[in-house]
Every structure is written in C-alpha cells, then in structure tokens.
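# Chains, contacts and geometry: an overview
Given next are the chains, with one letter for each unit.
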Amino acid sequence: MIWDEEFETMPREALESLQVYRLRKTIERVYATVPFYKEAFDKRKVHPSNINSLADLQRLPFTTKSDLRENYPFKLFTLPLHEVVRIHASSGTTGKPTVVGYTKRDIETWSTLMARTLSCAGVRKGDVVQNAYGYGLFTGGLGFHYGSEKLGATVIPISGGNTKRQIMLMEDFGSTVLTCTPSYALTISEAMDELGIGKDRLRLRVGIFGAEPWSQSMRQQVENKLGIDAVDIYGLSEVIGPGVSVECIEAKNGLHIFEDHFIPEIIDPDSQEPLPYGEEGELVFTSLTKEAFPVIRYRTRDITRLYMEPCKCGRTHVRMDRVTGRSDDMLIIRGVNIFPSQIESLLMEIDGLEPHYQIVVKREGTLDNLEIRIEVNESVFSDEIKNLELLEKRVEKECKESLGVATKVKLVEPKTLQRFEGKAQRVVDERGA
Ligand code: DLL
C-alpha cells in the first residue's frame, strides 16, 4: 500500500516544481538564521533569490561532517533551543558526536515519513512490530516507534539486546515484523537455533533491516533463516534518521528516496563534480522540509548510485542501490581499494562458511596485510583437519582473485567471533597498535 499516494507517485514535473519551491524556502530559512550558511553562501556569492531551479543547487556549497563538528552542539539550528523538542546524536568513532534537532513539526514530518517507509516495506495496521533498534540518542529506535504508531501498527519498544527475552516475546506476542540491524537479525536467528525455536513457531513475515551495509547474499541468509521478506532501509541522523529511503516489498530492488523531502545527488568524491544517473559515487542530500536542522548538500560519504527506471510498485521517486560502504570505511591495502561489503559478498557465496566474520588489518614491516577470520559451520568444523585446510586455501584463492590482493584466511570454530546487537563492527584495525 502506498501511504502518501499523491506525493509518492507524483509525475516528475510536478515533483520537481515542488522541490524547487521547497528548496528556495529552505535556503531562505538557513540564510536568515544560521551564520555558518550565510557566510558560506556569501563567499560563493549566492543569495536565496538566485535559487530558481534545481540546477541552481549546484551553486550552493557542500556541508561536511567537520562543519557539523565545528558548529557543535547547536550552532546549525535555525531556531532557539526552546523551539526544539527532540535532540538525537550519532557517535563518531572519535571526538564529539554529531548533534541533530527536531521541532514539533519535524517530529510530525519524520513520523509520517516512517509510516510511509513501513508501508512501503509491506507493514499494515494489524501488524505487530518488534522494534529491536536501539532507543536513545540513536535515531533508529524512536524513528521506527513513532512511524509504527502513526501507521496504526502495534509496536513493541523492546530496543536491542536481551536476545532470549526478545525471542520469547516475539513468540508470545505474535510479532509479524522485526526491525533491527541485519547483523542483529542474524544474532537472533542463531539464538533461536540454540533454543530450539524453529521459524514456524513465530509469525514473522517481514524484516526491515538497515543502519549498516549488508549484501544481497546476507539478505538471502536472513530470509531463509527467519522465513521472512527482508527489505533494506537507509537513513542517517544528519538528514533525519531512518526514513530517507527504503525498498518496496513488491520489488526489493533498490531503495526509493523520498524526493519530496530530500534532494539526492551523486558526486565524484575527489573532484566534487556531480555524476549522472547510473554512475557510482558519493551520495549528497539537501533537506526540503526540515525546520530545526536543515542540511544543504550534505556529503554522506556513502557510496552508491541513483537510477530512474520505473518501479513496478508505481512510486515515481528515484531509487538508490544498496550502499556498498562509506568512503571512510574503504580499506586501501597495498594500493588496492576494498570495501568490507565486497568481502562479505564473496564469503557468503562459499558453502560451509557462516555469516560471522571479522576483517583484521595488520602492518607487517612496511606492508599492510588483510586477515579474514570467518566461522565455519558445525559439520565443516568436525570434519578432518585436512579438509579444513583445503577450504581455507580455497577461500584465500577466491579472495585473491576477487579482491586483487593476497589475504590470510583463518577459519574459526562456530560461535567464537563477536555478535552484535546494534551496528556491527567488522573491521579491526591493528595498524596503529
Ligand atoms: O543508522 C539511521 C538508521 C536507523 C537507518 C535505522 C536505518 C535504520 P546513523 O547512526 O547516523 O543513522 O548512521 C548513518 O549508517 O551514513 C550509512 O553509512 C549507514 N547506513 C544506514 N543505513 C544503511 C544501509 C542511522 N541500509 C550511517 N546500508 C549512514 C548501508 C547504511 N549503510
């Protein structure tokens, strides 16, 4: 079901005029209220009155994560704090978090976008949503919570963790929808095996998984293990949280970006030049309806591509491919660029391996080396040592061929690597150590 039929299926021309109108309003707003934007626009000699078409977007400067840090915590808000009813923050790996704020109307907009998202993923009134995204400063938990209520579904605000209890309630309350990171979905399915609870004892139908990269083969694994349709959802705190784009349950093929609220662009991360539809590059967003914390050409660092081919669900908005990774997560090993998600796709294709792995980057002498630790299943593990060694060699060979760099592979005992309740931490960098 399409939640906002009028907007989600808007003909392109009407959508673009709406975007231009909203863009102009947003630019007027930030220019008048946020010194950072006024200065940046003045420097480029752009004034809100110059914004009359989508092409004019190119005249605006980019905003980066470090701009957000330099304006920590509230200096990019367009309103005094007493107009802001909610704060969220995303923790960076280093230093201060990125802080975002919402007015009452922003919360209303976000909830509507999340109702739209859930609906696009096949959730209906009458569904029971087990919301295992973390509640707190992270936008996942509360974003899904408000959206589920808005849609009229029954939401269980269980948050992440406490996996046994999670499964018990899933069975007792008859949850039909599971929302969490894909890595936590795996952790849950593994715990079900351990407890001897088969998927037939649950009523799960759909999983809405995101907040971290995951591969198509991981989707198949999770779908089989839980007996569900698994759809990909993308978003980031700076832009609104979850509710930026999602796959439709009909096609499960690319994520529809809610273009009446956000304008996406793809740029070459080095030259910063815009790239045409179909080409892979860095995703950039401009918000069109946010009040407290609009963002102008925000560089996400996420790598993907956009495409306009019509979708069978009838939505007219542009789609994005699944995000392969963040430009800052890209590993450069002996001059070769490697995304952790490439390694995941490759491993998932090999029989006998489990979807639990860790990528360790080491420095030996002056050279960087990759080591991949991956769990094997019980039957492989109890096989003869000789066969384990053969499998190890085979994985090494496939890694070398596909990644273009020699990799050490260590097959490890089932259930020995770390499990995750929120975003997975797959890469361990031992170079600085
Ligand atoms: O992760 C918002 C969210 C919550 C999205 C729940 C989906 C579901 P942040 O903590 O600010 O916000 O992290 C945003 O996570 O820039 C991407 O690098 C990554 N990310 C989010 N969704 C996906 C996805 C939330 N489906 C950062 N695939 C983003 C790949 C994703 N990466």
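Let me begin by describing the structure that accompanies this report. The model shown is predicted, which means the values in this text are computed figures rather than measured ones.

So, how was this worked out
Residues numbered from 1 in each chain as written. Predicted model: local features only at pLDDT ≥ 70, side-chain atom pairs only at ≥ 80, totals over all residues. Heavy atoms only, no water. Pairing = 2+ DSSP bridges. Helix = DSSP H or I, 4+ residues; strand = E, 2+ residues; numbered from the N terminus. Disulfide = S-S within 2.5 Å. 1 Å grid on protein atoms, 1.4 Å probe; cavity = no way out; pocket = protein on both sides within 12 Å on 5 of 7 lines; lining within 4 Å. Points joined across faces, edges and corners; volume = space filled by probe spheres on them. Nonpolar A, V, L, I, M, F, W, Y, C, P; charged D, E, K, R; others polar. Domains from an automatic or database assignment. Phe/Tyr/Trp six-rings, centres within 6.5 Å; stacked < 30°, edge-to-face > 60°. Buried < 20%, exposed > 50% of the residue type's maximum accessible area, 1.4 Å probe, protein only. Salt bridge = Lys/Arg side-chain N within 4 Å of Asp/Glu carboxyl O. Expected span 1.5 Å × (residues − 1). Axes fitted to C-alpha atoms, helices over the stretch in contact; angles between N-to-C directions. Contact = heavy atoms within 4.5 Å. Near = heavy atom within 4 Å. Polar contact = N/O pair within 3.5 Å; in protein donor to acceptor, adjacent residues only side chain to side chain.

## What to know about the sheet that holds strand β10 (residues 262–267)
The antiparallel open sheet is built from four strands, whose spatial order is β10-β11-β12-β15. In this open sheet, the two strands that pair with only one neighbour each are β10 and β15 (325–326). Relative to strand β12 (residues 298–304), strand β11 (residues 281–287) runs antiparallel, the two sharing four bridges. Across the sheet, residue Val-284 finds its bridge partner in β12, namely Arg-299.

## Looking at the state of the cysteines
One pass over the full model with this rule turns up zero disulfides. In this structure Cys-120 is a free cysteine whose sulfur lies 5.3 Å from that of Cys-248, the closest cysteine sulfur available.

## A word on empty space enclosed by the protein
Evaluated as defined, the whole model comprises three cavities of 30 Å³ or more. Every residue lining the largest cavity is counted, 13 residues in all, and those nearest its centre are Leu-68, Asn-71, Tyr-72, Pro-73 and Val-99. Empty space within the second largest cavity amounts to approximately 40 Å³. What lines the second largest cavity is simply Ser-183, Leu-186, Thr-187, Pro-355, His-356, Gln-418, Arg-419, Phe-420 and Arg-426. Looking at the lining of the second largest cavity, the elements that each hand over two or more residues are α8 (182–195) and β18 (353–364). For the lining of the second largest cavity, the element with the highest residue contribution is α8, accounting for three residues. The residue inventory of the lining of the second largest cavity, partitioned by class, reads three nonpolar, four polar and two charged. Counting contributing residues, the lining of the second largest cavity receives three or more from each of domain 1 (1–327) and domain 2 (331–429).

## Regarding the packing of aromatic side chains
A full pass over the atoms with the stated rule returns 11 aromatic pairs. Between Tyr-37 and Phe-41 the ring centres are 6.0 Å apart and the planes differ by 45 degrees, which places this aromatic pair in the tilted class. Of this pair, Tyr-37 and Phe-41 are both found in helix α3 (residues 35–43), four residues apart, which corresponds to roughly one turn of the helix. Side by side, Tyr-37 and Phe-41 carry an identical accessibility label, which is buried.

## Details of the pattern of salt bridges
Applying the stated criterion across every chain yields a total of 37 salt bridges. Put simply, Lys-397 and Glu-401 hold a salt bridge, and the shortest N to O gap is 3.5 Å. Remark: Glu-401 and Lys-397 occur in helix α12 (residues 385–403); sequence separation between them is four residues, near one turn of the helix. Residue Glu-401 is classed as exposed on the basis of its relative accessible area, which comes to 59%. One continuous salt-bridge network, built from bridges that share partners, spans Asp-4, Glu-8, Arg-116, Asp-260 and Arg-315.

## Overview of helix α6 (residues 139–151)
Between its first and last C-alpha, α6 extends 18 Å over 13 residues, near the 18 Å set by a 1.5 Å rise per residue. Along α6, the residues classified as buried are Thr-139, Gly-140, Gly-141, Gly-143, Phe-144, His-145, Gly-147, Ser-148 and Leu-151. Two residues or fewer after α6 comes Gly-152, characterised by a positive phi angle close to 95 degrees.

## Quick word on the sheet that holds β18
Pairing in this open sheet of four strands is mixed, and the strands run β20-β19-β18-β21 from one edge to the other. Among the strands making up the open sheet, the edge pair consists of β20 (407–412) and β21 (427–429). In this sheet, neighbouring strand axes are inclined to one another by 20 degrees on average, regardless of whether the strands run parallel or antiparallel. Against the sheet, helix α10 (residues 340–348) contacts β18, β19 (367–376) and β21, and its axis sits at roughly 135 degrees relative to β18.

## A closer look at the environment of Gly-227
By secondary structure assignment, the location of Gly-227 is in the loop between α9 (216–226) and β7 (229–236). For Gly-227, a relative accessible area of 40% translates into the label partly exposed. C-alpha separation for the pair Gly-227 and Val-206, spaced 21 residues apart in sequence, amounts to 8.6 Å. With near-sequence residues (within four places) excluded, Gly-227 lies in contact with Lys-199, Leu-204 and Val-222.

## Focus: unusual backbone geometry
The step from Tyr-72 to Pro-73 runs through a cis peptide bond, and the omega angle for that step is -10 degrees. Secondary-structure assignment places Pro-73 in the loop between α4 (65–70) and β1 (86–90). One non-glycine residue, Lys-252, adopts positive backbone phi at about 45 degrees.

## Remarks on the site of the ligand
Neighbouring the ligand are 21 residues; Asp-232, Ile-233, Ser-237, Asp-302 and Lys-423 lie closest to it. At 2.7 Å from a nitrogen atom of the ligand is found a main-chain nitrogen or oxygen belonging to Ile-233. A distance of 3.0 Å is found between an oxygen atom of the ligand and a side-chain nitrogen or oxygen belonging to Arg-326. Those elements that provide at least two residues to the shell around the ligand are α6 and β7.

## A word on the side chain of Thr-98
Along the chain, the position of Thr-98 falls in strand β2 (residues 98–102). Here Lys-65 takes part through its side chain, which lies 3.3 Å from a polar atom of the side chain of Thr-98.

## Structural notes on the layout of surface pockets
In this structure, the second largest pocket spans a volume of roughly 300 Å³. Forming the boundary of the second largest pocket are 18 residues, of which Leu-57, Ile-263, Pro-264, Glu-265 and Tyr-277 lie nearest the centre. When residues of the lining of the second largest pocket are traced back to their parent elements, those giving at least two are α2 (12–33) and β10. Ranked by residues supplied to the lining of the second largest pocket, first place goes to β10 with four residues. Considering only residue class, the lining of the second largest pocket consists of 12 nonpolar, two polar and four charged.

Read these as layout, nothing more, since geometry by itself doesn't imply function.
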